[in-house]
Amino acid sequence: GAVVSQHPSWVICKSGTSVKIECRSLDFQATTMFWYRQFPKQSLMLMATSNEGSKATYEQGVEKDKFLINHASLTLSTLTVTSAHPEDSSFYICSARDDRQGYQPQHFGDGTRLSIL
Amino acid sequence: RKEVEQDPGPFNVPEGATVAFNCTYSNSASQSFFWYRQDCRKEPKLLMSVYSSGNEDGRFTAQLNRASQYISLLIRDSKLSDSATYLCVVSDQTDSWGKLQFGAGTQVVVTP
């Protein structure tokens, strides 16, 4: 099946640091990528949706200047958490989909656990 | 009100027993329904799609009730490996991106 890889899987940083998370589709081309965040015992919350080569669309309440998303190629999207603070500590998950052949399921990455001290 | 609501559990189930739980959704325009499984500190993995007529995949049976806006999942002959959090996921597909709405999950613990 389709594989989506995230890197790093775990990050611990000091407050104020910017952190970049990569999401790669390994065996298919991802026309659309999604970034989610999940706090403990809560549901996955969609942060933003991006199409390759265009600006991401952010969900209400998600600061686009705080969470920078780049989807520069059909196999790579990055999420940069700028000037991260302890409240940004969460489980960040990406998913990817190839929309060129009709509606397709999203394939999830293995997630990045971000801890800000 | 949350768009997708689930009983958080935990449902403690003896090995070999049957367990069932529901999920309700608020958007009547929802068109696609899924059950995902999420193990602790891992990404969600698609367990099965849910079709209008109900569908079965091995020991797992999913049902959809559009009138009452709920989805159910039944697990027969529970295995220890079925212990996980089961996420109810709904999509309205009103935009071409088909955004998914996740429930917070129902925890199932299968005991020996």
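Below you will find a few notes about this structure. From a predicted model like this one, the values you see are computed outputs, not experimental measurements.

## Some remarks on the pairing of strand β8 (residues 76-81) of chain A
All names here are of chain A.
Working step 1: Of all six residues in β8, five are buried, a share of seventy percent or more.
Working step 2: In the sheet, strand β3 (residues 19-25) pairs with β8 via six bridges, with the strands oriented antiparallel. When the bridges of β8 are listed, Lys20 appears paired with Thr80.
Working step 3: Strand direction decides the pairing type here: strand β7 (residues 67-73) and β8, joined by five bridges, are antiparallel. By the bridge assignment, Leu68 is partnered in β8 with Thr80.
Working step 4: The antiparallel hairpin formed by β7 and β8 contains two residues in its connecting segment.

## Regarding the interface of chain B and chain A
Accessible area lost upon the coming together of the parts serves often as the stated size of an interface.
Working step 1: Contacts between the two partners involve 19 residues from chain B and, on the opposite side, 23 residues from chain A.
Working step 2: Carbon and sulfur atoms supply 56% of the area that chain B and chain A bury against each other, a total of about 1,700 Å² over both sides.
Working step 3: Linking chain B with chain A are zero salt bridges, by the criterion used here.
Working step 4: Summed over the shared surface of chain B and chain A, the result is one residue pair in polar contact (both at pLDDT 80 or more).
Working step 5: At four residues, strand β4 (residues 32-38) of chain B tops the list of elements feeding residues into the side of chain B that touches chain A.
Working step 6: Residues of the side of chain B that touches chain A, tallied by class, amount to eight nonpolar, seven polar and four charged.

## Some points on the packing of aromatic side chains
Given two aromatic rings, one states the distance between the centres and the angle between the planes to describe the pair.
All names here are of chain A.
Working step 1: Scanning the model with the defined rule gives twelve aromatic pairs over all chains in all.
Working step 2: The interplanar angle of 35 degrees and the centroid separation of 6.5 Å between the aromatic rings of Phe34 and Tyr36 together place this pair among those described as tilted.
Working step 3: A relative accessible area of 0% places Tyr36 in the buried class.
Working step 4: Ring centres of Tyr36 and Phe108 lie 5.7 Å apart, and the angle between their planes is 40 degrees; on these two criteria the pair is classed as tilted.

## Looking at the environment of Val11 of chain A
Residues and elements named next belong to chain A.
Working step 1: Counting through the fold element by element, Val11 comes out in strand β2 (residues 10-13).
Working step 2: A C-alpha to C-alpha distance of 6.1 Å links Val11 and Ser115, two positions 104 residues apart in sequence.
Working step 3: Each residue touching Val11, except ones within four places of it in the same chain, is listed here: Val19, Thr112, Arg113, Leu114 and Ser115.

Analysis parameters
Residues numbered from 1 in each chain as written. Chains lettered and ligands numbered in written order. Predicted model: local features only at pLDDT ≥ 70, side-chain atom pairs only at ≥ 80, totals over all residues. Heavy atoms only, no water. Buried < 20%, exposed > 50% of the residue type's maximum accessible area, 1.4 Å probe, protein only. Helix = DSSP H or I, 4+ residues; strand = E, 2+ residues; numbered from the N terminus. Pairing = 2+ DSSP bridges. Contact = heavy atoms within 4.5 Å. Buried area = accessible area lost by both parts, 1.4 Å probe. Salt bridge = Lys/Arg side-chain N within 4 Å of Asp/Glu carboxyl O. Polar contact = N/O pair within 3.5 Å; in protein donor to acceptor, adjacent residues only side chain to side chain. Nonpolar A, V, L, I, M, F, W, Y, C, P; charged D, E, K, R; others polar. Phe/Tyr/Trp six-rings, centres within 6.5 Å; stacked < 30°, edge-to-face > 60°.

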